[in-house]
Amino acid sequence: FSAAFEVQTPQFWPIRGCPRLFTCRIGIGASDPEETRAAARYLRSADMPPAEFRRRADADSAAGADVAEDALVGIPGLSIMSQSRDAPTNALMRGTVAALAASMRAQSKSARAKLHLCAAVRSLSVARAHQRGVKVQRVVFAAVRDLAALGSDVCAALLQHGVVDISLGASAAHAEDAPLQILVLLAILEILTSSTGHRDFVAGGAVEASLRTMRRHAKHAVLQRLNVKMLRQLLGAVDREAMADSRILADVAAAVLAVVRAHESDADIALSGCAVVLQLAEYGHAYSIMDTLMGNGVCAILTAVMRCHRLHAGVQGAACAAINRIAKGSDARRLAMLSAGAVRLISDAMRTHAKSTDVQEVCCGAIHSLASYTVTMWRALLAGGVAELLVVTVQNHPENVRVLCTACAAMRNLAVTGHSARQALVAADAVKALKEALQRHPDALELVEHICVAIRILCSDATAQVCESMLGDGAADIAIQVMRKYPQHVSLVRCGSLAMRNLAKQVPERASAMVQSGATQVLSAALSQHLAHSELQEAVLQCAFALAASGGEATCQAFLHRDRTFLDKLLDCVQKHAGHSGVQTACCGVIAEFAMRSNERKNILMMLDAPKLLVQLLQKHSADAALAEQACRAISHLAYGSGGRKRQLLKADVATCALMVLDQQKQSPKAVLAACGAVRNLCARSELACEEFMAANAPK
């Protein structure tokens, strides 16, 4: 009765201290009728106002209070607590009650603190003097628990005077006594909660002692609950080096999973057990912890816990957090979680606890880890309605940045899995939700990164219909806003450029709308600010090429209106990244589009020695079909019209390059077509060009 009473109602008493000791005393079995009646009075006073309770405590303890107070401040009057051999339990009880009564009467804070410290030290002395007396040990650790709850100073004094060795020694000496084990664990938990003594307990063997107790009292739910809680605190606060013992970690994993399996209906055990599993999983493959967890059926245990406690938000969150870490980085573990029913249970948890930010965050994290390219996995995720649930989470928690980050990251990973997942997200209004999140939190950089990457992935390989829907929901506006807000952030600018490129390619009729929204401004700024970054330059130029090809003359004018030196920068980029074929190909494509529609721009490009650069590129990258195609298109457009430009092009030896492309790119129809177009435009109304091509045996 006393053990259950102590564990089930730890906050029942209005004043900590005396009542708990009295209930413990009754549980031991008092032989003194007066003492039992006093304890009963305290039990009946649970509903009293604190002032009345304190008054009665003073009255009941008046006889021994003065002696105890003198002893606690240094007068050896409390030696009865450690020297009485006939009735040590009664003596200890009277002395401890008197000490606590004196501490309640003390007026000043410093006096109370001194009394508490002295009582802590004296209690440990009693424990040492009566190591074999189980009743004394029970009372001592009930007192230690209450004293530890008074603050970090008392806990520090307890640690300094050997509470680690005394408590673990008492646990080992009286291993069969469940009530004492409970009191020892409660005392240790109070000390761990109020101090930084975790490393001391680990070094003293608390983990091994806990495992022994768990094996010895396998069916005792209260003891198992307290042991798992203690392991959770020790693993959570101690660095990995302190626990770097593969055998102990494996034993902890096996023991905790066995306890959770045996007591899966106990919410406290389930909650603490899932937390311990997460802490162990953080070790990853070190010490073979993942193999130990999987070998002990962690997937089935976690999902069983979620089924058993569907309405318990804490258990659902702890289990999903463990699933998240275990599934991360391994398709085999993901499929094991899927086989155990994790996807459906995570979806149910998101629906049941839609308003809980903690549950939504860890569920989104679990989806982020479970999403993979395997067909079985992404089909299961979509069948579970994950795409819609992620969007709903973003909509329901617009002010919580942490939830938004995990939800957007999960969307990004889900979108990567395949075209069907991208379609499902777009159909669920993911783009609208992402845009709203960006507008609310434009300064949350991590969130902005997830949103931008998600938009880029959603429109990659998308159909024209999907891209049209995304543009209607504001996908291009997101990319432009991010690029304008973070012009120095290379990855964001690159993501935004690639997103606009994909959208412009699939929906060319909407390119002019993107230009009007400021696409050319952010692209021109990126070209100027990140001239040395080849991958970014490639993305920016590909986007410029797609917009110019789709938007026509208006796009080209918009680029030059924003930056008169745009063409100069374009050719500088060609020279700066001479060894990067992707940048060269995109540059040639932009030159071709700008030269196609305006004689003025053609003349500017001729003045900037564009033909010479094109020849150099063809000579250096003659085996690159895509570059050969775009370079020949640029030559073809520059050659169209004026005889003066044709003569300048022939002088730059473009004829030889065009024939070289025809000779080397026989297997690339697009490159051959572009080269033939260049020959045609060069020869049109130019006898000089025709003679030069005939001399080079062009017909052959």
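Residues numbered from 1 in each chain as written. Predicted model: local features only at pLDDT ≥ 70, side-chain atom pairs only at ≥ 80, totals over all residues. Heavy atoms only, no water.

### Quick notes on the overall build of the protein chain
- Across its full length, the protein chain carries 45 helices and zero strands.
- Taking the contacts inside the protein chain whose residues are at least 6 apart along the sequence as the reference set, 74% of them involve residues at least 24 apart.
- By element, 51% of the accessible surface of the protein chain is carried by carbon and sulfur atoms, the whole surface being about 28900 Å². (Helix = DSSP H or I, 4+ residues; strand = E, 2+ residues; numbered from the N terminus. Contact = heavy atoms within 4.5 Å. Areas by Shrake-Rupley, 256 points an atom, 1.4 Å probe, with all protein chains shown as cover.)

### Structural notes on empty space enclosed by the protein
- Scanning all chains against the criterion turns up three cavities of 30 Å³ or more.
- Taken as a whole, the second largest cavity holds about 70 Å³ of empty space.
- Lining the second largest cavity we find Ser167, Leu168, Ser171, Gln181, Val184, Leu185, Ile188, Ala209, Ser210, Thr213, Asn227 and Met230.
- The leading source of residues in the lining of the second largest cavity is helix H12 (residues 178-194), at four residues. (1 Å grid on protein atoms, 1.4 Å probe; cavity = no way out; pocket = protein on both sides within 12 Å on 5 of 7 lines; lining within 4 Å. Points joined across faces, edges and corners; volume = space filled by probe spheres on them.)

### Some remarks on the confidence of the model for the protein chain
- Scored by pLDDT, the protein chain comes out at a mean of 81, with 82% of its residues at no less than 70.
- Taken together, the stretch residues 1-33 has pLDDT below 50 and engages in 70 contacts with residues farther than four places along the chain or on a different chain.
- Confidence drops under a pLDDT of 50 for residues 56-90, and excluding neighbours within four residues, the segment shows 57 contacts in the predicted structure. (pLDDT = per-residue confidence, 0-100.)

### Section: the environment of Phe141
- Here Phe141 lies in helix H9 (residues 134-148).
- Take Phe141: its relative accessible area is 1%, and that puts it in the buried class.
- Each C-alpha atom of the pair Phe141 and Ile188 lies 9.1 Å from the other, and the pair is 47 residues apart in sequence.
- If we skip the residues at most four places from it in the chain, Phe141 touches Ile166, Ser167, Ala170, Leu180, Leu183, Val184 and Ala187. (Buried < 20%, exposed > 50% of the residue type's maximum accessible area, 1.4 Å probe, protein only.)

### With respect to the packing of aromatic side chains
- A complete count under the given rule lists three aromatic pairs for this structure.
- Between Phe559 and Phe594, the ring centres sit 6.1 Å apart and the planes meet at 55°, which makes this aromatic pair tilted. Taken as a pair, Phe559 in helix H36 (residues 553-562) and Phe594 in helix H38 (residues 581-596) lie far apart in primary sequence, 35 residues in all.
- For Phe594, a relative accessible area of 0% puts it in the buried group.
- In this structure an aromatic cluster arises from ring pairing among Phe559, Phe566 and Phe594.
- Across from the ring centre of Trp378, 5.8 Å away, lies the NZ or CZ of Arg379, which sits over that ring. (Phe/Tyr/Trp six-rings, centres within 6.5 Å; stacked < 30°, edge-to-face > 60°. Lys NZ or Arg CZ within 6 Å of the ring centre and 35° of its normal.)

### A word on the nonpolar core
- Grouped together as the largest cluster of nonpolar side chains are 222 residues, with contacts concentrated most on Val252 and Met500.
- When residues no more than four places from it in sequence are discounted, the contact partners of Met500 are Ala479, Ile480, Met483, Met514, Ala519, Val522, Leu523 and Cys543. (Core = buried A, V, L, I, M, F, W, Y, C linked by side-chain atoms within 4.5 Å.)

### What to know about the pattern of salt bridges
- Using the criterion set out here, one finds 18 salt bridges in the structure.
- The partner of Arg225 in a salt bridge is Asp266, and the shortest N-O contact between them spans 2.9 Å. Of this pair, Arg225 sits in helix H15 (residues 221-237) while Asp266 is found in the loop between helix H16 (246-262) and helix H17 (267-281), placing the two residues 41 residues apart along the sequence.
- Arg225 gets classed as buried once you look at its relative accessible area, which sits at 12%.
- Taking the relative accessible area as the measure of exposure, Asp266 reaches 14% and is therefore buried. (Salt bridge = Lys/Arg side-chain N within 4 Å of Asp/Glu carboxyl O.)

### Quick look at the packing of helix H29 (residues 445-458) against helix H32 (residues 490-506)
- At a closest axis distance of 8 Å, the pairing of H29 and H32 adopts a crossing angle of 25°. One way to sum up the angle between H29 and H32 is to call them roughly parallel. Crossing of H29 against H32: the hand is left-handed. Residue-level contacts link Leu445, Val448, Glu449, Cys452, Val453, Ile455 and Arg456 of H29 to Ser491, Leu492, Cys495, Gly496, Leu498, Ala499 and Asn502 of H32. (Axes fitted to C-alpha atoms, helices over the stretch in contact; angles between N-to-C directions. Parallel < 35°, antiparallel > 145°, perpendicular 65-115°, else oblique. Left-handed = near helix turned anticlockwise from the far one by under 90°.)

### A few points about the environment of Val679
- Relative to the assigned elements, Val679 resides in helix H44 (residues 669-683).
- Overall, the relative accessible area of 16% leaves Val679 in the buried class.
- Each C-alpha atom of the pair Val679 and Ala658 lies 6.9 Å from the other, and the pair is 21 residues apart in sequence.
- Other than its neighbours up to four places away in sequence, Val679 contacts Ala658 and Phe693.

### As for the state of the cysteines
- Counting across every chain of the model gives zero disulfides.
- There is no disulfide at Cys405, and the cysteine sulfur nearest it, in Cys408, is 7.1 Å away.
- Residue classification places Cys405 among the buried residues on the basis of a relative accessible area of 8%.
- The thiol of Cys573 is unpaired, and the distance to the nearest cysteine sulfur, on Cys587, comes to 4.1 Å. (Disulfide = S-S within 2.5 Å.)

### Some thoughts on unusual backbone geometry
- Phi is positive for Asp609, which is not a glycine, with a value near 60°.
- Take Asp609: it is sitting in the loop between helix H39 (599-607) and helix H40 (610-620).
- The exposure class of Asp609 is partly exposed, given its relative accessible area of 42%.
- Of note in the backbone geometry, Asp653 takes a positive phi value of approximately 70° without being a glycine.
- Topologically, Asp653 is positioned in the loop between helix H42 (643-651) and helix H43 (654-664).

### Re the environment of Asp443
- For Asp443, the position within the fold is in the loop between helix H28 (430-440) and H29.
- A relative accessible area of 57% means that Asp443 is categorised as exposed.
- With near-sequence residues (within four places) excluded, Asp443 lies in contact with Lys485 and Tyr486.

### Let's talk about the packing of helix H31 (residues 475-485) against helix H34 (residues 519-529)
- Close contact between H31 and H34 brings their axes to 10 Å; oriented N to C, the two are set at 40°. Taken together, the axes of H31 and H34 lie oblique to each other. Of the two elements, H31 crosses H34, and the hand of that crossing is left-handed. For the pair H31 and H34, contact is made by Ile480, Met483 and Arg484 and by Ala519, Gln521, Val522 and Leu523, respectively.
- Of the residues belonging to the contact of H31 with H34, the class tally is five nonpolar, one polar and one charged. (Nonpolar A, V, L, I, M, F, W, Y, C, P; charged D, E, K, R; others polar.)

### Considering helix H37 (residues 566-576)
- Every buried residue belonging to H37 is among Phe566, Leu567, Leu570, Leu571, Cys573 and Val574, and all of these are buried. Projected down its long axis, H37 shows its buried positions confined to an angular sector of 150°, all on one face. H37 presents Gln575 and Lys576 as exposed residues on the side facing more than 90 degrees away from its buried surface. (Arc of directions from axis to C-beta.)

### Describing the side chain of Asp177
- Its location among the elements puts Asp177 in the loop between helix H11 (163-173) and H12.
- Asp177 sits in the buried class, given a relative accessible area of 16%.
- For Asp177, the side chain forms a polar contact with the side chain of Arg138, separated by 2.7 Å.
- Apart from the residues within four sequence positions on either side, Asp177 is in contact with Val134 and Arg138. (Polar contact = N/O pair within 3.5 Å; in protein donor to acceptor, adjacent residues only side chain to side chain.)

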